[in-house]
Every structure is written in C-alpha cells, then in structure tokens.
Number of protein chains: 2
Amino acid sequence: MSRLVVIGGGGAGTGAATIAIQTDRSMKVSLLTEFEDIAYSPCGIPYVFGKEIDSFDGLFLQPAEFYQEMGIDLRTSTVVDGIDMGKRVVRTTTGEEFPFDQLIICTGWEYEVPKVPNVDLNGIVYIKNIRRAMEINKRLDEVKKAVVWQAKPLGVELIEALPHRGIETHLVDSGSWLLSDFADADMMEPLQQHLVDELGVKLHFGTELLGFEGQDGKLTTVRTSGGDIEADMAFLVANMKPATRLAKSIGVKTGSTGAIVVDNHMRTNVDGVFAAGACVETMHGLLKIPVNLIPGTYAYTQGRMAGANAAGGDEAYRPVYVPWGLGAKIQVGGALVSENLAKATGMPYVVGKATGITAARYHPSHEKMQVKLLFDPSNRQIIGGQFTGGDGVKERADFLAFAIRKGTSAEELATMENVYSPPIGALGEPIAAAAKNALTQLGPR
Amino acid sequence: MSRLVVIGGGGAGTGAATIAIQTDRSMKVSLLTEFEDIAYSPCGIPYVFGKEIDSFDGLFLQPAEFYQEMGIDLRTSTVVDGIDMGKRVVRTTTGEEFPFDQLIICTGWEYEVPKVPNVDLNGIVYIKNIRRAMEINKRLDEVKKAVVWQAKPLGVELIEALPHRGIETHLVDSGSWLLSDFADADMMEPLQQHLVDELGVKLHFGTELLGFEGQDGKLTTVRTSGGDIEADMAFLVANMKPATRLAKSIGVKTGSTGAIVVDNHMRTNVDGVFAAGACVETMHGLLKIPVNLIPGTYAYTQGRMAGANAAGGDEAYRPVYVPWGLGAKIQVGGALVSENLAKATGMPYVVGKATGITAARYHPSHEKMQVKLLFDPSNRQIIGGQFTGGDGVKERADFLAFAIRKGTSAEELATMENVYSPPIGALGEPIAAAAKNALTQLGPR
C-alpha cells in the first residue's frame, strides 16, 4: 500500500488529497494542516466585513467529515516540525510521525511582516486565518477609523468593505494608484473616484508606512511619510512570500521568485516529493518567466494535478496567463502585460483604447465599459489589457487571457463578433472597438 | 465627381452612406429610405412594450439632420420604383431620378405573410416599423389577451414583455421548444419554466397556426391545430426573407438562401453594384455554407464595408460564426451548431455539459450558469454550444464564437484560466467544466 502525506490544508492540499484518493483508492492519504479548519475560502472574508455576505458560515466549503468519509486521514491543528528523508517520515510538533512514499508540499504563503516600529500593537491585523477574521469582525463595530496598508487586491477589497461598517477608511500605499503591480493608472481612475466620492475613502498614495504608535498596547496612530493617521485598526496587506522552509530543509530547490521549482507534473527535484499552490513557481506563458501565483483557483488546480500524479497519474500543467479581476459596483480586471509593466521593462507595445457600453444605450441596464489593449507591434498580437466597467469584466478578462494564449492578432479582435440584444449586449463590443483603435496605430500589415 | 446611391435606411444603409462620405468627401451620396425615420433601433421595441424602456425616444439613434449635416442627400419616405442600369439611375415612385456610378443595395428583409384565412384583421400586427410599433404600444393598454406566433428571438422577447402589461400571453409555435432553429430543448427548459411559472405565459408547442376569426373586422380568435385561442391582438413573428426584388430586376444573382450573393468586398455580380445587410448571404465559417443574417450588428458592419469599398477602399469581410443571445432574468445564448442541428444533419459530435455558478457560492450575487458544448470527435475542436444563466451569457457566447473561429480544442477549453473573485467569478469557470466533461467522452488523444 502506497502512503501519501499532504502538508497544508488550503486549496492545493485539499485538492491534492482528494484527487489522490480518487485516483488510487488503495492509497493511504494523510492531510495535515496547522489550522483548526479545512476547506474554507479566505477570499470571502472582506465581504463579510462589508456585510455583503451575511456570515462566515458560507465560507466553510466542506466540513472535516467530508474528507474523513472519503477515507482521508485528516489532521487539523497539526503543525509539521520536520521531514526525515532518510526514514521518509513527516514529524509533527507533538512527535507524531507520518511515514510516506510520496509527499506533497502545499505550505502556501506567509506575510512578510514590515520592519517598522511597534508592529505588534493590538489592533494591527492580517487577513488569512478565518478564526482570526471572525474575531476582527466582532471588533469592527467598535472601530471608528481604520488604515489599510497596500493597494493589493485584498487591500482594495477591504477599502470597499470597511466604509459599509461606518468606518473612516484610509489607504496607505507607496505606489501611485490602485493595484499598480499589474494595472495602469488610467484604468484605475474610475474605481478610485468611486471609492473617494461614493464611499469616502481617503487615498494616501506615494506614502511609506513608517510605523505605529499606541497607548496601553493598543494602536492609536499609523505613522507614514505623509504624516500621522489616527486609527483603531490597521490592516496590513503585506507582501506575500512562498512558505518554503520545510521544502528547503529536505533539499527542495527554489527558483528566482523564491518559490519551489516544479516540473510540469508538479514534481520537485527531490524524488517522490511534489509541491503545488502558492509555495511553487509557475511559468508565465507570455512573459516566459516563472511567477509565484497566489489565487486559489491555481492552487486548487495544481493541487489536484499533484495528487493525480502522486497517485500514478500522468497530468501535465501548462504555462499560465493569469486573468485577474475584482470589484463590485465598479469592476476592474485584465491580464498582463500592463502598459506600466511594458514601459518599465522596455517591452515594445501599441495601445488601443475604447469606451463602450454593456447593453443598448437606450436600455436602462447599460453601463460604461472601458477597454485598453496592448499589442506587440512586431507580430501585431495581443499581449495584455485591462477593463473597467460595471459588469462583465470577469468574462472579458477570461477572454483576454485566452486570446493571449491563442496568439490573437489585432485584426482578429477587431473583427470579433458579438451578441446584440438590448438588455445584455450593445451593437458593438468594446473589445473590438479597442482593437480597431490599435489598428490605426499599428498601420497596414 | 463620383455619385453613390444607397437604397435602404436601416443599419446597412446608414453605415454604408456614412462611411462612404467619410472615405471620399468629394462623393455625392444619396440615401433613400421608404420609411419616415432613419437610424432607429427596432430591436428595442419589445422592451418599450414591456415598459423596461420608458419610451420610444431613445430608440431613435440619430435624427435626419445628423446625416444631412454630414453632407448626405438623405430622402425619407422615398420608395424606389425601379433601377435603370442603361441610364444608371434609380427611379422613385414619384418619378424622381437619382443617377449613380456606384449603387449599394441595403433593402433588408420582409416578413412572409402566412397563407391562412383572415390574416388582414385589425389586431393582427407585425413588428418592424417603429411608427407602427408606437401605434401598437398605445393599444396595448386595452389588450387583455395576446397571441405571439413563432418562438423566434423577437417572439421570445414579446412573450417576456407582454405579461408586464397585464396581458394574458400565448405563444404558438410548430416546434417543440423555444428558438428551436438554433437552440436545444434542454438548454431552453429553464427559460420556459420562468416564462410559465413567473410570467404566466401559455406555451403552445407543436401547434400550427390555422387562421384567424374576427368580428366587425377586428380579431377575436386565433385558430390553431391545438384549438381556438381568444385574443385581442396577434403578433406575427413570421419567417423573414431577404428583400431582393429590386436587386433581381437588374440581374443581381441570389444564392441558395434566396439572398444576394456578394464577394468578400460586398460586390454583387453586377459591376458597380454592392449589397449589404439582411438582403445578402454570408459564408458561415464553421458550416461552410452561406447564411442569411438578420442581426443589426452584421448589417451595420457589412454596410460600412460596402460603403468603404464603393468609395475606393479595399476592405474584406470574413466568414461569420454568429454568437446569439437574449433574455433578461434568464438569459440564453450560444453559437451554432446546436445538438439538434448536429443530429438533424448527421454531423458527428460529442457533448460536454456542466452547471456552474457566476460568483462564489457564498456570495449573494451568484447565479446558476448551465453550459453545453459540442466538439467534433475527429479533431476534438469546439463546434458550438449554449449557455443558460442569470448573467454573463452574452460575453460567454462571444467567447464561444471566437473559440470556434480560432479552432480551439476541448483540452484548451478545459484548461482555460478564470478570474476568481467572490462577487464576480466563482472558483471554476463553467465553460472549463463543460469541456472537462466532454474530455471524459472524447477519451485520451
């Protein structure tokens, strides 16, 4: 009987354990997680804070029994202390040993705590574990002023959520606009205006976090390069780094991103050891460089692939193109490259822009849809883009990532066909309009 | 000075005249339409009936002055009587003559009036001209019972609209489900249930229209193979045929669909005569047969192309894949081929189906999304599909048509990436799930 140990109970770990036992029913599968819970969606947390979602209950996707009934030896609140590759056992902090033939490392990511004074004050919080999030949620009714540090996706979700609790919300970020890692200033402008004008959020861009001050161990002030901000609570959306300590301890190689290097079967360089999810790096299909992916959809898919292969399967992962998107009333999304990234890296590009609508202009459901597309002038192919609109951003970002993957020319996008139906689609598709705009700059073939 | 005459003031004609004069400012462009108005959207009419759109005002896209100021010699209420190719003039019923060097025929489509008794009774109406629609709209407040004949897109829009006016609404159709020309029964089921359960529509499928009865010249009864239906008004969504009388009179060739044959520059077989819009036939990219397209988005694009080429341009139209979609609370859409069509024509296919959600399952905005995809088992490529959902059908239908055009395999769709963000996108994309389902039947490569 083959023995598989999976370390980590997030999307990658649960996916790996589940598919492994489904692939090989005779396998003994142990799934170890340091947390009290299994299979919950941390992505939903900001929406509970904003009362868009009623309660945390729905965020628990499966109870522990679900995995146990499947025949998985699930261990919650179980912290792995070390891996003995000689004996091929995983040892926990309580001294328990889990022998394995195959091992899948799904240790995910952790926050890089900023190196600033007084970062341990009561009221300085991180969003990750759902139990901690439940405690934060209870405290939110007493919070009057909050600071969110860094305009990453979770930061944007938080500044959209907190005003709905009546909290004066500040964003502090050293960049110059929201999501500046992968979005452009012009495309974020409508969302920023919405946050400021409708929700009263104070945006402090180009501003460094310097530290915190408190009284009786409790946060009172966030110190920034732009001055002090009074706050009862500070949400640190810190940089994330892959959690690779355990993997490195057994000689697993990490790459340029700091994450674990795996082949397209999710195998590490150590025999019988797989890895998946936010702790590994994945090849970007367009940029041809490894990237370290955080979104749960990748963790889950990679975990399932590692599980299948660990159980004797032969499934190959492929390079990624990573559509992204978020928002509610104003949605934003897209896929790399952004104009900002192209500029920063000296990548040649031509931009096509258009503002369209999502339904007939005489239908009350119509909303504005701004599109910006980037093309490679050498082969006229799409290399990235962004959308800002009221609705339909997610589907367009998926389309865009797929078009990049398929090697699509500006001519092909300019002639894409679209549904025309007054309540759901306008005469012209804004993507096609943006591509036509790019054609005027690309010139004739 | 080159003289261009455009016959027809719909999407194709207005597009043709506009782009021609923009391409060659020295051209004398005359635009003749038999109707009182120019540039309005008939597609919006059912939504005014249903009071989803406030008034007809918004449906007028441009006033006549817009075209006149552009320098176009626009003639409304002008019926063309004949074309003299010897003198190269278009003659109107009032005897006026319009000389031309180039001619663009955009005569659109007309209804085939069903050959049944008493089809001329007061209360039997067609939806096409906006002025007639305004008169119908005024009468709707007095209508208690209405019959809509044929479950084509306009018919479906009407049966969704009329119940909102408190009208008992019946649908009569000889097919067995809604939109049976291009949709499958299983995918239309949720929309049919919504119409019956929520809106109280009576669906009479497999039912032939036999005729009408009236009193004092006014409709009282619709006679069908399933029995008589009392009605104050009957909407005849009759079959549409291309309006080709004028074209044929000058030797323009029509094809297998009955519509005008044009090359990829919208040129007919007669020198200097172009045609565009619902009166021409267009090559279907997948089926490799000519189709006669009605949607306005094609008319407009083709018209613009004919106008550019008539003014000396060199623009090539391409085969089409025709995404379709409609609906409000329940949306349906897709692209040919349907399973029904594949069966009827003996085309080999494999089906992949999935039911997914449009947002995280714990987010209140999530709605069901059913996906059905058809693949060619010989090359594993996508050949059609349909979507039934609450939202995002239009964007997915556009995506599908593009994927068919790009020659996309089931493997590629099964591994498509998707945005995961609780309010706008679920962990998995239903398109990918349906493709995975198809892979289980396609078997290994």
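Residues numbered from 1 in each chain as written. Chains lettered and ligands numbered in written order. Predicted model: local features only at pLDDT ≥ 70, side-chain atom pairs only at ≥ 80, totals over all residues. Heavy atoms only, no water.

Participant: I keep staring at the overall build of chain A and nothing clicks. Help me out?
Facilitator: Assigned secondary structure in chain A consists of 12 helices and 26 strands. Its C-alpha atoms give chain A a radius of gyration of 23 Å, near enough to 22 Å, the size a compact globule of 445 residues would have. By the burial criterion, 58% of the 445 residues in chain A qualify as buried. Sequence-distant contacts, at least 24 apart, represent 63% of the contacts inside chain A between residues at least 6 apart. Of the roughly 17,300 Å² of accessible surface on chain A, 49% is carried by carbon and sulfur atoms. If you average the places of the 42 positive and of the 52 negative side-chain charges in chain A, the two averages end up 3 Å apart. (Helix = DSSP H or I, 4+ residues; strand = E, 2+ residues; numbered from the N terminus. Rg over C-alpha atoms; globule rule 2.2 N^0.38 Å. Buried < 20%, exposed > 50% of the residue type's maximum accessible area, 1.4 Å probe, protein only. Contact = heavy atoms within 4.5 Å. Areas by Shrake-Rupley, 256 points an atom, 1.4 Å probe, with all protein chains shown as cover. Lys, Arg positive; Asp, Glu negative; His and termini not counted. Charge placed at Lys NZ, Arg CZ, Asp CG, Glu CD.)

Participant: Looking at this structure, I do not really get unusual backbone geometry. What am I missing?
Facilitator: Working note: non-glycine residues mostly have negative phi, and peptide bonds are mostly trans. Residues and elements named next belong to chain A. Between L336 and V337 the backbone carries a cis peptide bond, its omega angle lying at 15 degrees. Relative to the elements of secondary structure, V337 occurs in the loop between β23 (331-335) and α9 (339-345). With a phi angle near 55 degrees, A39 is a residue other than glycine that sits in the positive phi range. Along the chain, the position of A39 falls in the loop between β2 (28-32) and α2 (45-49). What makes A39 buried here is its relative accessible area of 9%.

Participant: Would you take a moment to explain the sheet that holds strand β13 (residues 209-215) of chain B for this structure?
Facilitator: All names here are of chain B. The antiparallel open sheet is built from three strands, whose spatial order is β13-β14-β15. At either end of the open sheet lies a strand with only one pairing partner, and these are β13 and β15 (227-230). The mean inter-strand angle of the sheet, taken between neighbouring strand axes irrespective of direction, is 30 degrees. The sheet contact formed by strand β14 (residues 218-224) and β15 spans four bridges and is antiparallel. Across the sheet, R223 pairs through a bridge with D228, a residue of β15. (Pairing = 2+ DSSP bridges. Axes fitted to C-alpha atoms, helices over the stretch in contact; angles between N-to-C directions.)

Participant: Looking at this structure, how should I read the interface of chain A and chain B?
Facilitator: Where interface size is quoted, it is often the accessible area lost as the parts come together. In this assembly, 58 residues from chain A lie in contact with 58 residues from chain B. Across the chain A to chain B interface the summed buried area is about 5,000 Å²; carbon plus sulfur atoms make up 59%. On the chain A side of the interface with chain B, the three residues burying the most area are Y362(A), K394(A) and E417(A), jointly 16% of the side's total. In this structure, R396(B) and E395(A) form a salt bridge, with 3.4 Å as the shortest nitrogen-oxygen distance. The interface formed by chain A and chain B includes 32 residue pairs in polar contact (both at pLDDT 80 or more). Where the side of chain A that touches chain B is concerned, the elements lending two or more residues are α8 (296-310), β22 (324-327), α10 (393-405) and α11 (410-414) of chain A. With eight residues, α10(A) is the largest single contributor of residues to the side of chain A that touches chain B. Along the lines of polarity and charge, the residues of the side of chain A that touches chain B split into 27 nonpolar, 16 polar and 15 charged. (Buried area = accessible area lost by both parts, 1.4 Å probe. Salt bridge = Lys/Arg side-chain N within 4 Å of Asp/Glu carboxyl O. Polar contact = N/O pair within 3.5 Å; in protein donor to acceptor, adjacent residues only side chain to side chain. Nonpolar A, V, L, I, M, F, W, Y, C, P; charged D, E, K, R; others polar.)

Participant: Could you clarify how one ought to interpret the sheet that holds β23(A) in this entry?
Facilitator: Sheets are built from strands paired through backbone hydrogen bonds, the pairs being either parallel or antiparallel. Residues and elements named next belong to chain A. Ordered in space as β22-β23-β26-β25-β24, the five strands form an open sheet in which the pairing is antiparallel. Lying at the two open borders of the sheet, with one neighbouring strand each, are β22 and β24 (350-357). The mean inter-strand angle of the sheet, taken between neighbouring strand axes irrespective of direction, is 10 degrees. Across five bridges, β23 lies against strand β26 (residues 381-389) in antiparallel orientation. Bridged to G334 within β26 is Q386.

Participant: Help me understand the environment of A146(B), please; the structure alone is not making it clear to me.
Facilitator: Residue and element names in this part refer to chain B. Structurally, A146 is set in strand β10 (residues 145-149). For A146, a relative accessible area of 0% puts it in the buried group. In this structure A146 touches L162, I167, E168, T169, H170, A231, M233 and F235, once residues within four positions along its chain are discounted.

Participant: How do you make sense of a negative patch on the surface when you look at a structure like this?
Facilitator: Taken together, the side chains of E367(A), D391(A), E367(B) and D391(B) make up a negatively charged region of the molecular surface. Relative to the elements of secondary structure, D391(A) occurs in the loop between β26 and α10. Its relative accessible area of 32% is what places D391(A) among the partly exposed residues. (Patch = residues over 30% accessible without salt bridge, like charges linked within 9 Å, V, L, I, M, F, W, Y side chains within 5 Å.)

Participant: Can you walk me through the nonpolar core in this structure?
Facilitator: When a protein is soluble and globular, its nonpolar side chains tend to lie buried together. Residues and elements named next belong to chain A. Counting residues in each nonpolar core, the largest one holds 73 residues, and the members touching the most others are F49, L178, L179, F212 and F235. For this core, the leading source of residues is helix α5 (residues 153-161), giving five residues. Among all residues touching F235, those that are not within four sequence positions of it are F49, V125, I127, I136, L140, A146, V147, V148, W149, L158 and L162. (Core = buried A, V, L, I, M, F, W, Y, C linked by side-chain atoms within 4.5 Å.)

Participant: Would you mind showing me how to read the packing of helix α1 (residues 11-23) of chain A against α8(A) here?
Facilitator: When two helices pack together, their arrangement is given by the angle between the helix axes and the distance between those axes. All names here are of chain A. Closest axis-to-axis distance for the α1/α8 pair is 7 Å, and the angle between their directions is 35 degrees. Classified by chirality, the crossing of α8 by α1 is right-handed. For the pair α1 and α8, contact is made by G11, A12, G15, A16, I19, A20, Q22 and T23 and by A299, Y300, G303, R304, G307 and A308, respectively. Looking at the contact of α1 with α8 residue by residue, the class counts come to seven nonpolar, six polar and one charged. (Left-handed = near helix turned anticlockwise from the far one by under 90°.)

Participant: Just checking my understanding: could you explain the confidence of the model for chain A for this structure?
Facilitator: When pLDDT drops low, the exact placement of atoms in the prediction is not to be read closely. Counting all residues, the mean pLDDT for chain A is 96, and 100% of those residues have values of 70 or more. Interface confidence in the predicted complex, given as ipTM, is 0.95; pTM for the same model is 0.96. (pLDDT = per-residue confidence, 0-100.)

Participant: Any chance you could explain the relation of the copies chain A and chain B here in plain terms?
Facilitator: Turning one copy of the chain about an axis and sliding it along that axis gives the other copy, so a rotation and a shift relate them. Superposing chain A onto chain B requires a rotation of 180 degrees together with a translation of 0.0 Å along the rotation axis, leaving an RMSD of 0.0 Å. Such values leave the two copies arranged in the relation of a two-fold axis. A share of 100% of the interface residues of chain A reappears at the interface of chain B, consistent with the copies meeting face to face through the same patch. (Least-squares fit on C-alpha atoms with pLDDT ≥ 70 in both.)

Participant: Can you walk me through helix α8 (residues 296-310) of chain B in this structure?
Facilitator: It helps to recall that an α-helix has 3.6 residues per turn; residues three or four apart then point in one direction. All names here are of chain B. Between its first and last C-alpha, α8 extends 21 Å over 15 residues, near the 21 Å set by a 1.5 Å rise per residue. Within α8, 11 of the 15 residues are buried, which leaves it mostly tucked inside the rest of the structure. Buried residues along α8 sit in contact with β1 (3-7), α1 (11-23), β7 (102-105), β19 (273-275) and β20 (280-283). (Expected span 1.5 Å × (residues − 1).)

Participant: Sorry, what's going on with the pairing of β14(B) here?
Facilitator: On any regular strand, side chains alternate: one points to one face of the sheet, the next to the other face. Residues and elements named next belong to chain B. As paired elements, β13 and β14 share six bridges and run antiparallel to each other. By the bridge assignment for β14, G211 is matched with R223. What sits between the antiparallel neighbours β14 and β15 is a turn of two residues.

Participant: Would you mind going over the packing of aromatic side chains with me for this structure?
Facilitator: Taken as a whole, this structure holds 15 aromatic pairs over all chains when the rule is applied. Between Y111(A) and Y126(A), the aromatic rings sit 5.4 Å apart at their centres with planes inclined by 35 degrees, giving tilted as the arrangement. A residue pair is termed long-range when its members are at least 10 positions apart, and Y111(A) in strand β8 (residues 109-111) and Y126(A) in the loop between β9 (124-125) and α4 (130-139) qualify at 15 residues. One Lys or Arg, K128(B), reaches over the ring of W109(B) and ends 4.4 Å from the middle of that ring. (Phe/Tyr/Trp six-rings, centres within 6.5 Å; stacked < 30°, edge-to-face > 60°. Lys NZ or Arg CZ within 6 Å of the ring centre and 35° of its normal.)

Participant: Would you take a moment to explain the environment of I167(B) for this structure?
Facilitator: Residue and element names in this part refer to chain B. Examined against the element boundaries, I167 turns out to sit in the loop between α5 (153-161) and β11 (168-172). Residues I167 and A146, spaced 21 residues apart in sequence, show a C-alpha to C-alpha distance of 6.7 Å. Contacts of I167, omitting those with residues within four sequence positions, involve L140, V143, K144, K145, A146 and L162.

Participant: Help me understand helix α10 (residues 393-405) of chain B in this model?
Facilitator: Residues and elements named next belong to chain B. Helix length check: α10 (13 residues) gives 18 Å between terminal C-alpha atoms against 18 Å at 1.5 Å per residue, within 8%. Burial runs high along α10: 13 of the 13 residues are buried. One or two residues past the end of α10 sits G407, with phi positive at roughly 65 degrees.

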